[in-house]
Amino acid sequence: MNNYSKQRELILEVIKNNLIHPTAEEIYNLVIKEEPTISKSTVYRNINILLEQGEIIKITMSIGPDRYDYMYEQHQHAICKRCGKVYDFSYNFNLEVISNIIKEQTEKNFEINNITIDGICEKCKS
């Protein structure tokens, strides 16, 4: 069991307050501004605890390091395949219908937590 930790609370606040979908390294660099004595291993360990507790989600990137997000409300992510920027968007996907289609085609049940769309952002297109 993971007890309350002031350091974990600080890490969660950093993730909540940064809409850039920070990497673990970026989280560490932001946290040490507030808590200069914290170690990188402590930050990384607490990120994993926050993931296990469902407080944050990991956005798996096709290029570059994974990013992290606090799910303040249900939303999805669009990721630029060139620059790696992550954009939040809201759309009410019918996850039950999608899950049923997946089951019909794969004969497997999947729990869908979020949907990520890859593409190329306008800035990278020009």
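Up top is the structure.
For clarity, every value in this text was computed on a predicted model and none was experimentally measured. (Residues numbered from 1 in each chain as written. Predicted model: local features only at pLDDT ≥ 70, side-chain atom pairs only at ≥ 80, totals over all residues. Heavy atoms only, no water.)

Let us now look at the sheet that holds strand β3 (residues 76–80). Taken in spatial order, the 3 strands line up as β4-β3-β5 in an open sheet, and their pairing is mixed. Of all the strands in the sheet, just β4 (86–89) and β5 (116–119) have a single pairing partner and so form its edges. Along the sheet, successive strands turn relative to each other by an average axial angle of 25 degrees, direction set aside. Pairing analysis gives 4 bridges linking β3 to β4, with the strands arranged antiparallel. When the sheet's bridge partners are listed, His77 is paired in β4 with Asp88. (Pairing = 2+ DSSP bridges. Helix = DSSP H or I, 4+ residues; strand = E, 2+ residues; numbered from the N terminus. Axes fitted to C-alpha atoms, helices over the stretch in contact; angles between N-to-C directions.)

What follows is about the environment of Tyr68. Of note, Tyr68 is situated in strand β2 (residues 67–70). By relative accessible area, which is 10% here, Tyr68 ends up buried. Each C-alpha atom of the pair Tyr68 and Ile112 lies 18 Å from the other, and the pair is 44 residues apart in sequence. With sequence-adjacent residues up to four places away left out, Tyr68 is seen in contact with Ile15, His21, Pro22, Thr23, Ala24, Ile27, Ile47, Leu51, Ile56, Ile57 and Lys58. (Buried < 20%, exposed > 50% of the residue type's maximum accessible area, 1.4 Å probe, protein only. Contact = heavy atoms within 4.5 Å.)

Core analysis: the largest hydrophobic core is formed by 14 residues, its most contacted members being Ile11, Ile27, Val31, Val43, Ile47, Ile56 and Tyr68. Looking at this core, the elements that each hand over two or more residues are α1 (6–16), α2 (24–34) and α3 (40–52). When near neighbours in sequence (up to four residues on either side) are disregarded, Ile56 contacts Leu12, Ile15, Ile47, Leu50, Leu51, Tyr68, Asp69 and Tyr70. Core analysis: the next-biggest nonpolar cluster, separate from the first, contains 5 residues, Ile57, Ile59, Met61 and Val86 among them. (Core = buried A, V, L, I, M, F, W, Y, C linked by side-chain atoms within 4.5 Å.)

Distances and angles like these do not, on their own, reveal function.
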